[in-house]
There are 2 protein chains.
Amino acid sequence: MPRSTIRDVARHAGVSIATVSRVMRDSAAVRPDTRDRVIDAARELEFVPSQLGRQLAERRYAANGIVFPDLSGPYYAEVVLGYENVAAELRRSVLILSTQGRPDADLAVREMADRCDGLVVLGRTVSDEVVEQLAARGTRIVLVARPPIGEIDSVNADNRDSAVALGEHLVAGGARSITFVGDPDTSPDVAERWEGLKRAAGATGAVVDLVPVDDLGEHAGAAAASRLLDRQDTTPLPDALACANDELALGLLHRLREAGVDVPGEVQVSGWDDVMAARYADLTTVRQPMRELGATAARALDAVITGGRVGPVHELLPTQLVVRGSTAVRPDTP
Amino acid sequence: MPRSTIRDVARHAGVSIATVSRVMRDSAAVRPDTRDRVIDAARELEFVPSQLGRQLAERRYAANGIVFPDLSGPYYAEVVLGYENVAAELRRSVLILSTQGRPDADLAVREMADRCDGLVVLGRTVSDEVVEQLAARGTRIVLVARPPIGEIDSVNADNRDSAVALGEHLVAGGARSITFVGDPDTSPDVAERWEGLKRAAGATGAVVDLVPVDDLGEHAGAAAASRLLDRQDTTPLPDALACANDELALGLLHRLREAGVDVPGEVQVSGWDDVMAARYADLTTVRQPMRELGATAARALDAVITGGRVGPVHELLPTQLVVRGSTAVRPDTP
DNA sequence: CTGAAAGCGCTAACAA
DNA sequence: TTGTTAGCGCTTTCAG
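Positions within a chain are numbered from 1, following the residues in the order the chain's sequence is written. Think of it this way: whatever chain is written first is A, whatever ligand is written first is 1, and the rest follow in order. Totals for whole chains, interfaces and linings use every residue, but because this is a predicted model, local features are given only for residues with pLDDT of at least 70 and side-chain atom pairs only at 80 or more, for both listing and counting.

1. Quick notes on the overall build of chain A
For step 1, the next point in the chain: Note on conventions: DSSP H or I runs of at least 4 residues are helices, E runs of at least 2 residues are strands, and numbering of each starts at the N terminus. In terms of regular secondary structure, chain A is built from 13 helices and 12 strands.
For step 2, the next point in the chain: The C-alpha radius of gyration computed for chain A amounts to 26 Å, which surpasses the reference 20 Å derived for 334 residues by more than 25%, pointing to a less compact arrangement than a globule.
For step 3, the next point in the chain: Along the longest, intermediate and shortest principal axes, the C-alpha atoms of chain A span 90 × 40 × 35 Å.
For step 4, the next point in the chain: Counting over 334 residues, chain A shows a buried share of 46%.
For step 5, the next point in the chain: Once local pairs closer than 6 in sequence are excluded, the contacts in chain A between residues at least 24 apart make up 70%. Every radius of gyration here is taken over C-alpha atoms, with the globule rule written as 2.2 Å times N^0.38, N being the number of residues. A residue is called partly exposed when the number of other C-beta atoms within 10 Å of its own lies between 12 and 20, exposed at 12 or fewer, and buried at 20 or more, with C-beta atoms placed from the backbone. For every residue pair, C-beta atoms are placed from the backbone, and the pair is scored as a contact if these atoms sit within 7 Å.

In structure tokens:
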């Protein structure tokens, strides 16, 4: 059952394909009765305009891409969702690409760039080099959760501000030594969190250092906790452990409590992202406007594509410190 | 900077467009030196074949779609991820469509069907009617987490088996009355869970009933708990509360404990899906092979599209009961 | 208001 | 081995 084409409809209605085209997308005035004939014919033949033909003629895809590392945690899933919602409103399809465990991520992104009108790149999924090449080739790009590159638009959560708020909160809770758990090299977000915390807490005179981890998962958090516990005879636990994200913090928290460590009495613990499990684990964390990130990126990309934009846009969305039991500010009683 | 086309390259290399095409996709033998000339020309002009032209000529999109309600919970995100991974392996792009809060979901799905070679439909995102219409029109479809419709392929988790296992587990834990929390109408999965539980527990002589909820979120769970608590003077709490999913169970659990109810001493509670928070809340639940669902669907769809398939395929993936503290089987001591 | 015709960029017979 | 020539299905001038 080969689908009917614009020519079938034209023949059936006794008009030219141009007229059918006009009717299908009411782009120009068509006399009512002709119009009706065309519509009837289209209905009868179950005609649905081929997007492919249309796209080629218009030289546009009416589709946007989004590249992310993975969708396991709630973070990227929410961003993608926010993005998709707005893209749908703007009548654009959404292509997704997960680079997780893909050795040829750069190539995949290049290919994707060739199937859409523009794309959003989340975090450190592709190298600056590739981003720049694509941009140079005319691909419209918006960066999310990644520092700006040249003239390319970007949308980020304000990690610095919340890092400062968190640092102050921990110090107010009595922390004189704070250890950041996470590897600043894994993502720009993590790097900013570390920098912000170091600065804020450092300014109060607190001692700040860092424990690197393999990845940002619960296992890595538990492993980090184990290491800290093991070396207790030589190095006492810090007053506070600020983790780069919630998964890390949850794994760490679990291991610490297993070992009988009193949280927050002995050690304060905090995460980042405010995932659902954080509520149940009573974990202090930083909430990010994940959906807004995606939605804002979608709008920015649309602006770039439709050309209604002056200079590069770098949006910084506000975040919020969420204080819970894992860092309860203790009263100043000795 | 208008991108160069196959004709530019042909002219530049002094060959015909056919030869360029052959070289670009090494579809036929080309003399090495001609080939080199073409490659040089292509590189020089930064030629990248237009997917649009290619797609139109081949009359295929090399893209598949996936339709889901939303991406908030971990469930659909994982399924999508499993799907994307396999689709990428099969060299197909992935288009996503979230129907959540979209009044024109049916239309959106129809449009999507017109931009890809086939699509996967998760759960009750679109009506049977639309699915059938699309299938009749030749759209390749695979259903996931939804009972088969006609000749259309489907991939499902085995809700029935795990419902039986769960029912037996609750009864073994001493439950004589079990209340299922959830609305069987919200999704086929929920309906199967309810049916399975009713049958399994009913067979042991336990009393089984149902408390409907508005949706599958934590709030709805908490609200259900409140209602159960409020009516305690007339109706005692059941021995076990089997919830349709984890979010529901988590909200309910929280409210019950707030009210001082002993779980599992007084009431056993279970969820479904095994989301991350379930571990921290020590919630008994059923684990589903979410990624496998997506991956299996991707393969099935590919089989349908490439035509290497005989009859309709209906896969049923195994699930697993995960016993935790919220339903600990109590020793038979009085 | 409508139609003829020229593309959009590529693939694939069919010839040479 | 290579080139010529039709399309793929649609949009869009440009005439009429």
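2. Description of the protein's contact with DNA strand D
For step 1, the next point in the chain: Defining nearness, a residue is near a molecule or strand when the C-beta atom obtained from its backbone falls within 6 Å of it. Close to DNA strand D lie 28 residues; Ile6, Ser21, Gly53 and Ala57 of chain A together with Thr34 of chain B are nearest.
For step 2, the next point in the chain: Mapped by element, the contributors of at least two residues to the surface near DNA strand D are helix H2 (17-24) and helix H4 (51-58) of chain A together with helix H2 (17-24) and helix H4 (51-58) of chain B.
For step 3, the next point in the chain: Counting residues per element, the surface near DNA strand D draws most heavily on H4 of chain A, at five residues.
For step 4, the next point in the chain: The nonpolar class holds Ala, Val, Leu, Ile, Met, Phe, Trp, Tyr, Cys and Pro. Asp, Glu, Lys and Arg form the charged class, and all remaining residues, Gly among them, are polar. Within the surface near DNA strand D, the residues separate by chemical class into 15 nonpolar, eight polar and five charged.

3. As for the interface of chain B and chain A
For step 1, the next point in the chain: The interface is formed by 34 residues belonging to chain B together with 34 residues belonging to chain A.
For step 2, the next point in the chain: Looking at the side of chain B that touches chain A, the elements that each hand over two or more residues are H4, helix H5 (74-89), strand E2 (93-98), helix H6 (105-113) and helix H12 (276-280) of chain B.
For step 3, the next point in the chain: Element by element, the count of residues in the side of chain B that touches chain A is highest for H5 of chain B, at six residues.
For step 4, the next point in the chain: By the bridge criterion, three bridges tie strand E2 (residues 93-98) of chain A to E2 of chain B in an arrangement that is antiparallel. By the bridge assignment, Val94 of chain A is partnered in E2 of chain B with Ile96 of chain B. Strand pairing follows a simple DSSP-based rule, namely that at least 2 bridges must link the two strands.

4. Here's the deal with the relation of the copies chain B and chain A
Copy one and copy two of the chain differ by a rotation about an axis and a translation along that axis.
For step 1, the next point in the chain: C-alpha atoms of residues with pLDDT of at least 70 in both copies form the basis for the least-squares superposition of the copies. Relative to chain A, chain B is turned by 180° and slid 0.1 Å along the rotation axis, the superposed coordinates differing by an RMSD of 0.1 Å. Those values place the two copies in the arrangement expected of a two-fold rotation axis.
For step 2, the next point in the chain: With an isologous cut-off of 70% or more, the 100% of interface residues of chain B that recur at the interface of chain A puts this contact in the isologous class.

5. Section: the packing of H5 of chain B against helix H13 (residues 290-306) of chain B
Geometrically, a packed helix pair is captured by the angle between its two axes and the distance between the axes.
Residue and element names in this part refer to chain B.
For step 1, the next point in the chain: Axis definition: a line fitted to C-alpha atoms, over the contacting stretch in the case of helices. Angles run 0 to 180 degrees between N-to-C directions. The contact between H5 and H13 brings their axes to 7 Å, and the two run at 40°. Between H5 and H13, the crossing angle belongs to the class labelled oblique. As for how H5 packs across H13, the hand of that crossing is right-handed. On the side of H5, the interface is formed by Tyr75, Glu78, Val79, Val80, Leu81, Gly82, Tyr83, Asn85, Val86 and Ala87, while H13 contributes Met290, Arg291, Glu292, Leu293, Gly294, Ala295, Ala297, Ala298 and Arg299.
For step 2, the next point in the chain: Looking at side-chain class alone, the contact of H5 with H13 contains 12 nonpolar, three polar and four charged residues. Angle categories: roughly parallel below 35 degrees, roughly antiparallel above 145, roughly perpendicular from 65 to 115, and oblique for all the rest. The handedness criterion is simple: a crossing whose near helix is rotated anticlockwise from the far helix by less than a right angle is left-handed, and one whose near helix is rotated clockwise is right-handed.

6. Here we look at the sheet that holds strand E4 (residues 140-144) of chain B
Remark on secondary structure: sheet strands pair via backbone hydrogen bonds, oriented parallel or antiparallel.
For step 1, the next point in the chain: Here we have 12 strands laid out as an open sheet, ordered E11(A)-E5(A)-E4(A)-E3(A)-E1(A)-E2(A)-E2(B)-E1(B)-E3(B)-E4(B)-E5(B)-E11(B), and mixed in their pairing. The outermost strands of the open sheet, each flanked by one partner alone, are strand E11 (314-317) of chain A together with strand E11 (314-317) of chain B. The mean inter-strand angle of the sheet, taken between neighbouring strand axes irrespective of direction, is 20°.
For step 2, the next point in the chain: One ladder, built from six bridges, connects strand E1 (residues 63-68) of chain B with E2 of chain B; its direction is parallel. Across the sheet, Asn64 of chain B pairs through a bridge with Val94 of chain B, a residue of E2 of chain B.
For step 3, the next point in the chain: Strands in contact with helix H6 (residues 105-113) of chain A are strand E1 (63-68), E2 and strand E3 (118-122) of chain A together with E2 of chain B; relative to E2 of chain A, the strand with the most contacts, it is inclined by about 170°.
For step 4, the next point in the chain: Taken strand by strand, helix H13 (residues 290-306) of chain A contacts E1, E3, strand E4 (140-144), strand E5 (153-157) and E11 of chain A, and its axis lies near 160° from that of E4 of chain A.

7. A few points about the protein's contact with DNA strand C
For step 1, the next point in the chain: Around DNA strand C, the surrounding shell holds 28 residues, and the nearest of these are Ala29 and Thr34 of chain A together with Ile6, Gly53 and Ala57 of chain B.
For step 2, the next point in the chain: For the surface near DNA strand C, the elements supplying multiple residues, two or more each, are H2 and H4 of chain A together with H2 and H4 of chain B.
For step 3, the next point in the chain: Looking at the surface near DNA strand C element by element, the count peaks at five residues for H4 of chain B.
For step 4, the next point in the chain: Taken together, the residues that form the surface near DNA strand C break down as 15 nonpolar, eight polar and five charged.

8. Re the domain arrangement of chain A
All names here are of chain A.
For step 1, the next point in the chain: Looking at chain A, the domain boundaries give domain 1 (63-158 + 290-318) and domain 2 (160-287).
For step 2, the next point in the chain: Just the C-alpha atoms count here: the centres of domain 1 and domain 2 sit 29 Å apart.
For step 3, the next point in the chain: Listed as interface residues are nine residues of domain 1 and, on the opposing side, 10 residues of domain 2.
For step 4, the next point in the chain: In terms of residue class, the side of domain 1 that touches domain 2 is built from four nonpolar, two polar and three charged. Domain start and stop positions are those given by an automatic or database domain assignment.

9. Some details on the nonpolar core
For step 1, the next point in the chain: Judged by nonpolar contacts, the single largest core of 92 residues is most densely connected at Val80, Tyr83 and Val144 of chain A together with Val80, Tyr83 and Val144 of chain B.
For step 2, the next point in the chain: Apart from residues no more than four positions distant in its own chain, Val144 of chain A is found in contact with Val79, Val120, Val121, Leu122, Val155, Leu293 and Ala297 of chain A. A set of buried residues drawn from Ala, Val, Leu, Ile, Met, Phe, Trp, Tyr and Cys, joined through C-beta atoms within 7 Å, is what defines a nonpolar core.

10. Notes on the sheet that holds strand E6 (residues 177-181) of chain A
All names here are of chain A.
For step 1, the next point in the chain: The four strands are arranged E7-E6-E8-E9 in an open sheet whose pairing can be described as parallel. Looking along the sheet, the strands with just one partner apiece sit at the ends: strand E7 (207-211) and strand E9 (268-270). Between one strand axis and the next, the sheet turns by 20° as a mean value, whatever way the strands run.

11. Re the pairing of E2 of chain B
Residue and element names in this part refer to chain B.
For step 1, the next point in the chain: Burial of E2 is extensive: six of the six residues sit out of reach of the surface.
For step 2, the next point in the chain: Here E2 shows a buried face lined by Ser93, Leu95 and Leu97 and a second buried face lined by Val94, Ile96 and Ser98.
For step 3, the next point in the chain: By the criterion used throughout, a crossover qualifies as right-handed when its path from the first strand across the helix to the second strand runs clockwise, the strands pointing away from the viewer. In this region the chain leaves E1, passes through H5 and returns to the parallel neighbour E2; the handedness of that crossover is right-handed.

12. Some words on the pairing of E4 of chain A
Residue and element names in this part refer to chain A.
For step 1, the next point in the chain: For E4, the tally of buried residues reaches five of five residues, placing the bulk of the element in the interior.
For step 2, the next point in the chain: Residues Arg140, Val142 and Val144 point to one face of E4 and Ile141 and Leu143 to the other, with burial holding for every one of them.
For step 3, the next point in the chain: Pairing analysis gives five bridges linking E3 to E4, with the strands arranged parallel. Paired with Leu119 across the bridge in E4 is Ile141.

13. Some details on the packing of helix H8 (residues 159-172) of chain A against helix H9 (residues 188-203) of chain A
Residue and element names in this part refer to chain A.
For step 1, the next point in the chain: The interhelical angle for the contact between H8 and H9, taken along N-to-C directions, is 45°, at an axis separation of 8 Å. The angle between the axes of H8 and H9 places the two elements in the oblique class. Read as a crossing pair, H8 and H9 show a hand that is right-handed. In this structure, H8 uses Asn159, Arg160, Ala163, Val164, Leu166, Gly167, Glu168, Leu170 and Val171 to contact H9, whose residues at the interface are Asp189, Glu192, Arg193, Gly196, Leu197, Ala200 and Ala201.

14. Focus on helix H9 (residues 188-203) of chain B
Residues and elements named next belong to chain B.
For step 1, the next point in the chain: Helix span is expected to be 1.5 Å times the residue number reduced by one. Compared with the 22 Å implied by 1.5 Å per residue over 16 residues, the 22 Å span of H9 between its first and last C-alpha is a close match.
For step 2, the next point in the chain: Along H9, the residues that are buried comprise Asp189, Val190, Glu192, Arg193, Trp194, Gly196, Leu197, Ala200 and Ala201.
For step 3, the next point in the chain: Looking at the buried side of H9, the elements it contacts are helix H8 (159-172), strand E6 (177-181), strand E7 (207-211) and strand E8 (240-243).
For step 4, the next point in the chain: In the segment just after H9, Gly205 is the residue with positive phi, at about 95°.

15. Observations concerning unusual backbone geometry
For step 1, the next point in the chain: With an omega dihedral of 5°, the bond running from Val263 of chain A to Pro264 of chain A counts as a cis peptide bond.
For step 2, the next point in the chain: Along the chain, Pro264 of chain A turns up in the loop between helix H11 (246-258) and E9.
For step 3, the next point in the chain: If you check the backbone angles, Arg91 of chain A has positive phi at about 60° while not being a glycine.
For step 4, the next point in the chain: Inspection of the secondary structure assignment puts Arg91 of chain A in the loop between helix H5 (74-89) and E2.
For step 5, the next point in the chain: Positive phi is not limited to glycine here, since Asp274 of chain B has a value of about 60°.
For step 6, the next point in the chain: Inspection of the secondary structure puts Asp274 of chain B in the loop between strand E9 (268-270) and H12.
For step 7, the next point in the chain: Judged by local crowding, Asp274 of chain B falls into the buried class, with 23 C-beta atoms found within 10 Å.

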